[in-house]
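# Structure assessment
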Amino acid sequence: MKKRTLSEQPSAADSLPAMRWVDQFSRLLDTKYRIPGTRIRFGLDFLLGLLPGAGDGLSLAMSGILIATMAKNGASSRLVLRMLGNVVVDAIVGTIPIAGNVFDLFFRANTRNLDLMREFYVEEKHKGSAWPILLGIFVVLATVFAIVLVIVAAIFARVWDWLTSIGAS
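Residues numbered from 1 in each chain as written. Predicted model: local features only at pLDDT ≥ 70, side-chain atom pairs only at ≥ 80, totals over all residues. Heavy atoms only, no water.

### Looking at helix 3 (residues 54-72)
Keep this limit in mind: Secondary structure is summarised from DSSP: a helix means a run of H or I of at least four residues, a strand means a run of E of at least two, and numbering begins at the N terminus for each. Expected helix span is taken as 1.5 Å per residue step, with the number of steps being one fewer than the number of residues. Partly exposed describes any residue whose relative accessible area lies between the buried limit of under 20% and the exposed limit of over 50%, with all areas from a 1.4 Å probe on protein chains only and scaled to the type maximum.
In this model helix 3 runs 27 Å from its N-terminal to its C-terminal C-alpha over 19 residues, within 8% of the 27 Å that 1.5 Å per residue would give. Within helix 3, burial applies to G55, D56, S59, M62, S63, L66, I67, T69, M70 and A71. Positive phi shows up at G74, right after helix 3, with a value of about 110°.

Quick look at the structure:
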């Protein structure tokens, strides 16, 4: 009989509706589909990774929603940092063309995070608040997002100036 991973075993966390949602969403992102004729499973995270740039950003945002939900349901600051580490590794390596997609097939950051959350529930280490860390992370991400928007706006402005100068000739 195949040994079940923590993400496949029930825990106290499963009794919370939000945690059931996290379980289902994690599976959708990491293991929902199977490559025919193999045991290799993949999810939306892999499929989104096929879309350069936008797919990785969308996948990162969905992983962030999962982490925020886990934090809301008792994940400690330490646990949130470990989960963010998984997501950051997935996001960074995922940006590498082809190799990042292959990495997504096997790393499965969301399933790893679900396993971490279940482990903490089983060990009853889930009491605590991760909101101070999440607030700090939100501020940093909002700042990075604003900087990216300024850079993109500057690039579009230069392209627009170049296109209008061609049209005026």
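### Regarding the packing of helix 3 against helix 6 (residues 109-122)
Stated formally: What counts as an axis is a line fitted to C-alpha atoms, over the stretch in contact for a helix, and the angles between N-to-C directions run from 0 to 180 degrees. Any angle that is under 35 degrees is reported as roughly parallel, and any over 145 degrees as roughly antiparallel; angles of 65 to 115 degrees are reported as roughly perpendicular and all others as oblique. By definition, residues are in contact when any of their heavy atoms lie within 4.5 Å.
With their axes 11 Å apart at the nearest point, helix 3 and helix 6 run at an angle of 5° to one another. Taken together, the axes of helix 3 and helix 6 lie roughly parallel to each other. Two secondary-structure elements touch here, helix 3 through S63, L66, I67 and M70 and helix 6 through N110, N113, L114 and M117.

### Re the packing of aromatic side chains
For any pair of aromatic rings, the description rests on two quantities: the centre-to-centre distance and the angle between the ring planes. Stated precisely, the cut-off is as follows: Any two of the Phe, Tyr and Trp rings considered here, Trp counted by its six-membered ring, make a pair once their centres fall within 6.5 Å; the pair's planes then place it as stacked at under 30 degrees, edge-to-face at over 60, or tilted in between.
Evaluation of the coordinates by the stated rule reveals four aromatic pairs. The interplanar angle of 15° and the centroid separation of 5.1 Å between the aromatic rings of W21 and F25 together place this pair among those described as stacked. Here W21 and its partner F25 are both found in helix 1 (residues 17-30), four residues apart, which amounts to about one turn of the helix. When its relative accessible area of 35% is taken as the criterion, W21 is described as partly exposed.

### Concerning the nonpolar core
Test applied: Only buried Ala, Val, Leu, Ile, Met, Phe, Trp, Tyr and Cys residues count toward a nonpolar core, and they belong to the same one when joined by side-chain atoms within 4.5 Å.
Core analysis: the largest hydrophobic core is formed by 21 residues, its most contacted members being M70, A75, L79, V80, M83 and M117. Among the secondary structure elements, those contributing two or more residues to this core are helix 1, helix 3, helix 4 (77-94) and helix 6. With sequence-adjacent residues up to four places away left out, M70 is seen in contact with M19, V22, A75, M83, N113, L114 and M117.

### Remarks on the pattern of salt bridges
Where charged atoms of side chains with opposite charge meet at close range, the side chains can pair. The condition that has to hold: By definition, a salt bridge exists where a carboxyl oxygen of Asp or Glu is found within 4 Å of a side-chain nitrogen of Lys or Arg.
Applying the stated rule across the entire model yields two salt bridges. Notably, a salt bridge pairs R27 with D23, separated by 3.2 Å at the nearest N-O pair. Here D23 and R27 lie together in helix 1, a separation of four residues that amounts to about one turn. The class of R27 is partly exposed, set by a relative accessible area of 31%.

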